[in-house]
Amino acid sequence: MAKLIVISAPSGAGKTSLIEALLSKIRDPNFILSISFTTRPKRENEKHGESYFFINKQEFKEMIEKNQFLEFAEVFGDFKGTSKPWVEQKLKENMNVILELDWQGANQVKKIYPNAKTIFILPPTYAELELRLNSRGLDKKEEIIKRLGEAKKEIENGKSFDHLVVNDDFGSALSDLKTIIINQAEMTEKRKSLVKVSLKALLED
């Protein structure tokens, strides 16, 4: 039976890179990544129809009125959503669909598809998250401060997901995702312990 997998994380925690690496590693055509619609400006390294479907706010609102979204949310002043017909069709074709969403979108999907598997990627520390946001060179200082401020709220909501993975080491986090998604197994006790320690520190920081 086809699976619907939702992966979320604070901005800069590495979810996009992890998903890309996972799909590259498994090389299974029955696992596909959903492409979201967004109203935010296209970045230099992004392509329409591959990274996102880039549309304006009026077009997005028309899609909302036609009930064409499985989930949608306002993110940093722009809208982002997942096409309901597209996901439903892929699941009917027995394709396993991975959704890369924020926690709000993940919760919306979980209400419609209770059996969807939700995974939240945690940064090891806020200091490391800030370092990653700065090093990728995509956002201005003010935007980075805003994203760090949102991160704690996102982690607070993400703690209730089906699975939590700490991206302290890329290879280890990738292995955790493979264990959960492909092997449908539990992470090692060592990695589970790391999640508990990291989550506690992040929520108390």
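Look up a bit, the structure's there.
Residues numbered from 1 in each chain as written. Predicted model: local features only at pLDDT ≥ 70, side-chain atom pairs only at ≥ 80, totals over all residues. Heavy atoms only, no water.

Peer 1: I keep staring at the packing of aromatic side chains and nothing clicks. Help me out?
Peer 2: The relative placement of two aromatic rings is captured by the distance of their centres and the angle of their planes. As enumerated under the stated definition, the model contains eight aromatic pairs in all. Between phenylalanine 37 and phenylalanine 69 the ring centres are 6.2 Å apart and the planes differ by 75°, which places this aromatic pair in the edge-to-face class. Placement of phenylalanine 37 in strand β3 (residues 37-38) and of phenylalanine 69 in strand β5 (residues 69-75) is noted, with a sequence separation of 32 residues between them. Here phenylalanine 37 and phenylalanine 69 have matching classes, each one buried. With 5.4 Å between their ring centres and 75° between their planes, phenylalanine 120 and phenylalanine 161 make a pair best called edge-to-face. Within this pair, whereas phenylalanine 120 is found in strand β8 (residues 117-122), its partner phenylalanine 161 is found in the loop between α6 (141-158) and β9 (163-166), the two being separated by 41 residues in sequence. Since its relative accessible area comes to 1%, phenylalanine 120 is described here as buried. Under the relative-accessibility criterion, phenylalanine 161 is labelled buried at 9%. (Phe/Tyr/Trp six-rings, centres within 6.5 Å; stacked < 30°, edge-to-face > 60°. Helix = DSSP H or I, 4+ residues; strand = E, 2+ residues; numbered from the N terminus. Buried < 20%, exposed > 50% of the residue type's maximum accessible area, 1.4 Å probe, protein only.)

Peer 1: Can you help me understand the sheet that holds strand β6 (residues 78-83) in this one?
Peer 2: Sheet strands line up and pair through hydrogen bonds in the backbone, either parallel or antiparallel. Here four strands make up an open sheet; going across it, the order is β4-β3-β6-β5 and the pairing mixed. The outermost strands of the open sheet, each flanked by one partner alone, are β4 (53-54) and β5. Of the pairings in the sheet, the one linking β3 to β6 comprises two bridges and is antiparallel in character. Directly across from phenylalanine 37, in β6, lies its bridge partner glycine 81. The strands touched by helix α3 (residues 84-92) within the sheet are β5 and β6, with β6 carrying the most contacts at an inclination of about 30°. (Pairing = 2+ DSSP bridges. Contact = heavy atoms within 4.5 Å. Axes fitted to C-alpha atoms, helices over the stretch in contact; angles between N-to-C directions.)

Peer 1: Honestly, the pattern of salt bridges in this entry has me stumped. Any pointers?
Peer 2: Think of it this way: side chains of opposite charge can pair up when their charged atoms draw near. Within this structure, the stated rule accounts for eleven salt bridges. With its nearest N and O atoms 2.6 Å apart, the salt bridge here joins glutamate 46 to arginine 40. There is no split in this pair, since glutamate 46 and arginine 40 are both buried. The partner of arginine 132 in a salt bridge is glutamate 128, and the shortest N-O contact between them spans 2.9 Å. (Salt bridge = Lys/Arg side-chain N within 4 Å of Asp/Glu carboxyl O.)

Purely geometric stuff here, so don't read any function into it on its own.
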